[in-house]
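Tertiary structure, described
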Amino acid sequence: MAEKEEPEKSMDCVSETEREFAQTALSEFQFGNYTASLQSINKLENRTYDLKVAHNKIVVEYFKTDLKATDIFQKSLTSFYTQFNLRMDKLDDVDHCVAHYNQAVLLYHQRQYSQAIRIMERVYKFIEPMDETLAQQVGLLLVELHMCTKQLVKASGLLSFLENQLFNNNPIVIKQSDKTHKVCDKEVKAKTFTVSNTTIEQFKKKLVIYKARCFLMMHSLNAGSREIDILSDRNGKIIATTFLKANLEYLRGKYEEAIAMLNKLTIEELDSSEVGESYLVMQYNNLGTIHHAMGKPHLACHYYQKAIKADTEFNQKQENGDKPLFSLGSSKYHELVYNLGISLLHAGRPAHAFDCLIIAVRRYHRNSRLWLRLAECCIIVHKESNEVDFDIQRKQKEMFVEVIGSNKHQKIILAKNLSKDKKYSVEGEPYAVPVPTLEFASLCLRNAYLLLPSDTSSSPIPLLLIPGVTPPAPPPSPGPAPSVPLSPNCVAALKNSILAASAYVCLCLGDYVVALEYARNLLRQPRLLGTHRLLGHLYAAEALILLDNISDALDHLNPENVKDISLEYPVAEVVEDKQNIETNPSPKWFPSNLASAHAVMQYNVAVCKTLRGQLDQAATLLKQIWKGRGPNCKVPALIIMLVLYIELQLGHADIARSLIKQYSLPCRVNG
Amino acid sequence: MALSVSQCDILLNLLNENNVKAHTLEAITNDLHKKFEQVDYFKVGSCLVMLLQQDLLEEPEQRLTAVTLLHELYRGEAIENTPFANVFIHLLHPPEQQSNVGAPKLEYPGQLPKLTAPEKNFVAQLISDVPKDAILKKTAAQIINSDNVAPTNIDLSAIQLALAEKQSELPHTCRSVIPAVIPFPEKQTNSYAIETDKKDDYIQKLLTTDSLYRIYQPEFVTLAPPLLNCKDEPVWLNVTSPKEHTIAYDTTMCIPNMAGQEARQLMTKAYKAALSLQQQQQLLNELDNDSKLVYHIGLTPSKLPELVENNPLIAIEVLLKLMQSKQITEYFSVLVNMEMSLHSMEVVNRLTTTVDLPTEFVHLYISNCISTCETIKDRYMQNRLVRLVCVFLQSLIRNKIINVQELFIEVQAFCIEFSRIREAAALFRLLKQLESGELGLSMSPPSSIKGKLEGCK
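An account of the accompanying structure is given in this report.

Reading the values: the criteria
- Throughout, a residue's number is its position along its own chain's written sequence, starting from 1.
- Each chain takes a letter, starting from A, and each ligand takes a number, starting from 1, following the order in which they are written.
- Where totals are concerned, whole chains, interfaces and linings use all residues; where local detail is concerned, this predicted model gives features only for residues with pLDDT of at least 70, and gives and counts side-chain atom pairs only at 80 or more.
- The side-chain numbers reported here are obtained from all heavy atoms of the structure, hydrogens and water having been left aside.
- The secondary structure listing takes helices from DSSP runs of H or I that are at least 4 residues long and strands from runs of E that are at least 2 residues long, numbered from the N terminus.
- To estimate how far a helix should reach, multiply one less than its number of residues by 1.5 Å.
- When a residue's accessible area, from a 1.4 Å probe over protein chains only, is under 20% of the maximum for its type it is buried; when over 50% it is exposed; and in between it is partly exposed.
- Axis lines are fitted to C-alpha atoms, over the contacting stretch for helices. Their N-to-C directions set the angle, which ranges from 0 to 180 degrees.
- Here is the rule for angles: anything less than 35 degrees is roughly parallel, anything more than 145 is roughly antiparallel, 65 through 115 is roughly perpendicular, and the remaining ranges are oblique.
- By the convention used here, residues are in contact when the closest approach between their heavy atoms is within 4.5 Å.
- Residues were grouped as follows: Ala, Val, Leu, Ile, Met, Phe, Trp, Tyr, Cys and Pro as nonpolar; Asp, Glu, Lys and Arg as charged; and all remaining residues, including Gly, as polar.
- In what follows, salt bridge is the name for a side-chain nitrogen of Lys or Arg lying within 4 Å of a carboxyl oxygen of Asp or Glu.
- Think of it this way: a Phe, Tyr or Trp ring, Trp meaning its six-membered ring, pairs with another when their centres are within 6.5 Å, and the plane angle makes it stacked under 30 degrees, edge-to-face over 60, tilted otherwise.
- Distance thresholds for patches are 9 Å for like charges and 5 Å for nonpolar side chains (Val, Leu, Ile, Met, Phe, Trp, Tyr), applied to residues having over 30% relative accessible area and no salt bridge.
- Residue exposure ignores everything except the shown protein chains as possible cover, and the areas themselves are Shrake-Rupley values with a 1.4 Å probe.

With that settled, the discussion passes to helix 18 (residues 342-354) of chain B. All names here are of chain B. Between the first and last C-alpha of helix 18 there are 18 Å, a value that for 13 residues agrees with the 18 Å anticipated at 1.5 Å per step. For helix 18, the tally of buried residues reaches 11 of 13 residues, placing the bulk of the element in the interior. Taken together, the buried positions of helix 18 are L342, S344, M345, E346, V347, V348, N349, L351, T352, T353 and T354.

Take the packing of helix 4 (residues 51-64) of chain A against helix 5 (residues 70-83) of chain A next. Residue and element names in this part refer to chain A. Here helix 4 crosses helix 5 at 175 degrees, and the two axes come no closer than 9 Å. Taken together, helix 4 and helix 5 sit at an angle that is classed as roughly antiparallel. Taking contact as the criterion, the partners of L51, A54, H55, I58, V59 and Y62 in helix 4 are, on helix 5, T70, F73, S76, L77 and F80. Across the contact of helix 4 with helix 5, the residue classes tally to eight nonpolar, three polar and no charged.

Turning to the pattern of salt bridges, a few remarks are in order. The tally for this structure, following the rule as stated, stands at 31 salt bridges over all chains. Among the ionic pairs, R369 of chain A bridges to E233 of chain B, the shortest N-O distance being 3.4 Å. Of the two residues, R369 of chain A is situated in helix 20 (residues 368-382) and E233 of chain B in the loop between strand 3 (215-216) and helix 13 (261-270); the pairing between them involves two chains. Judged by relative accessible area, which is 2%, E233 of chain B ranks as buried. Here the residues in one salt-bridge network are R369, R373 and E376 of chain A together with E233 of chain B, joined through shared partners.

So, about the packing of aromatic side chains. Residues and elements named next belong to chain B. Taken as a whole, this structure holds 23 aromatic pairs over all chains when the rule is applied. A ring pair is formed by F42 and F84, whose centres lie 5.4 Å apart and whose planes are at 20 degrees; its orientation type is stacked. Linking F42 in helix 4 (residues 41-53) with F84 in the loop between helix 5 (60-72) and helix 6 (85-92), this pair joins segments that are 42 residues apart in sequence. Taken together, a centroid distance of 6.4 Å and an interplanar angle of 45 degrees make the contact between Y74 and F84 tilted. Of this pair, Y74 sits in the loop between helix 5 and helix 6 while F84 sits in the loop between helix 5 and helix 6, and the two are 10 residues apart along the sequence. The residues Y74 and F84 share a single accessibility class, namely buried. Aromatic ring contacts, followed pair by pair, group Y41, F42, Y74, F84 and Y213 into a single cluster.

Let us now look at a nonpolar patch on the surface. Taken together, the side chains of V513, V514 and L547 of chain A make up a nonpolar region of the molecular surface, amounting to roughly 210 Å² of accessible area. For V514 of chain A, a relative accessible area of 32% translates into the label partly exposed.

Purely spatial values, then, with no claim about function.
Structural data, given as structure tokens:
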């Protein structure tokens, strides 16, 4: 104890000359004369015990290199910590806050957000005793970090704290019963407004921008719109406002307006060599995003590719010499590649999409939806569309693989299987190789399921703490970063999609016990789209067949089970969710109508009956399906093959032969 | 998977018309065992079945030899355990070919050739338990031409039953498989003569490629799921101004906080010994005058226990001023975990009457108090502490700081354990009154606690 007090005392003991040196150093620093500032600080060298002098020395040295010698600064900062016996994970003195803050700033620019947040949460505890300028910087950095990690509730809470607490210091809420406690309002106000008014104005402006961004990310469009109005009233035209306005229009579904706004930006406005981020990249990217929402994924890809090119150029330009601190994290490559991947997937280019998303997943490996998207790429590479199952013309060419022999001994060899979904691999292929295969998809889906955002993410803050040491914050619950967080509805939809895809992949890989589990789990979900209900029943039935339980399978195939095949939740439920935004391209799926879906179910019923040996019943059912076909009711192409099979099993070889003749190319079969 | 071309040739030579006519069945069988390894037996068997099914063996001798070879492949094994057992049953009991008169002949996929009575007889003998040496010594032609048409009384029902049982264990999907090779004879006879070598070609093609095992079974339509449909998935980029977050210079360098100097010094003293009334007043005044001063007097959570022990009054005031601070939970947790004493209890009591403390904090503190009382060894100290805790609890209950219901059992057990002490008995009575609803709990001013606590010393 006694040792510790010695330097403390001497830190407070400052001679008049020393104070002057310090003042010169500060004002020179503020004017940007770092050399002069450093000279003044060097005159304070005899204060070796004073950590503030040592701290400022390395700070000014760093500024002298135009914030380019980041590595050296990091090294000096670390040795500064050891020199003064400070610990990065412990903070109990307000005087040490600056150093911790600086460390967090470094981490922020290096995009190590979680670690930066851990430090900043400790620093934040001292926001009251801190001097105002630092308090503002600390507040804003923490808000930005929360927004980077998409913890929007925390960010908006902090924003309102910064707004209220820093300027209108509210007195402590004292219980009414105690009247002896004195509250000194006057002093409180007098003290708080020590900062100049212009600084406050500037800070307020920054707060408004943050609030607007935060509200838009939270999809609180009205609140966001209010902040944007304030922003344009006060500041006239700045580029940040334009992007925010376009964002608002985009979220409202007014795509044309949003595009017009972004296209109005001039080259001069988009020049951003000084700010550490590229406006051009933003413009391209956001145009891509809008086109994606409009259901034009190819155009979107075009814009994203331009954005990626611009991003590379922007970052190469600064490669000459070391990068200054603030542009270390300026590359938006991973976000852009992510966007590009999503659009490519929608554009029906799953293999390319896979390549993009596999890059994105390296950075956003806790994103459940991203893992699902990867699996979707694999599935589409495996099966482009369900339309092939209904394409009779194409299937009938595939029905017979070969004609062998001639005359009396002519043989026709049937295709082993017409539907190409199943892919039972005999060789133990490694699942973890990142190639668009079903094996890899099953791995992706497992990740996706495990990373589903849970409701119980907020763990209570433990009461028992070691003084001064914050326990390592629990890792933020996995979210869909880099996208905005999901509403409960979206999480439900995501979960259902993961279950459906898992069941499909398992069926295709021959893992039908697991497939049945997934299908049943899917059918148990409380909020189920019509399509997912259809798929759940189909997958469950098929898995049950393979488990030789035909009667249960037939229960699942009852057409009464499926009454619609919608791909979107009804509007009423969406409004309940307060999600009045419209930014998804309209979903597409085949079969597109209920009649075709029922035809599929009926066909599968016929398969069940055939397997059971009820050939006549199956044949009647197939006739019925065949009669019902039309432009609004597609029937599975496999139906012909099944009819052929039934005729063969019944011993009607002549009928079977005439069917073959009818449906295979005449040139291939003689007779 | 299938036989190689040369293996196929060997097999076809074995079944060659001249060969089967010239040799006894036994000789051909021995030849087969010499020419093929055991690993290839299944392939050979599959080829034989294919030859029979597709009617590729012209002569009855060839067919009979093929059937014999199929059996002899697995010589010595129980017939129901061999893979081709069903073939023999089918041969003996072919499906009906005529559904009703006038209807076209029924023809099933994978149908086997029809056998004559002597042939059937031979097959039945083959698969039954009787010794076969005699019949195998004959040539195929001898068997076919034998006039042994009398139905043999060989009972095959045991074998049939075993096979049927085996079959029923298979899932429906396996049972419904048909061979994918379908005979499709051309109707109009070709004017050219059949080129025999061509026939060999396509037999080879059937036997040595995957066609041999090719099967068809009814297929399900498996629909792939749609893409997830979700809103606001692509990232929108907004201006973030990373430049705003920059390295900070410590502006407080060499600027000692003069305003707090005196308060700081007083605090340093306050950790070690009780301050005089005058000093206390001075410190409190300074803290009152500047609401932010409390953060600059050098107090940290770890120093709080010393302050509480030496200057509880100061501690109370300081904590009240820190209520809004982000660090207050840390101060609370220190307070809960410090050694129980009159002073700490006084501080907690004052806090409870002045501000809303987190319930869990108050409960934790009470639990700690009770367990300290129970574990302390010194009897005198124990009595003292118990009396303190009782008065403290009474005060908390009367001021409705805590909801007794939540701690009822714990507190009641405490009262019973120390019922020898007067205050504990009083607390017990209070609990009972509360339970019966006698006490409205609207009276008793909170101020008197301190006097009472002092009285217990």
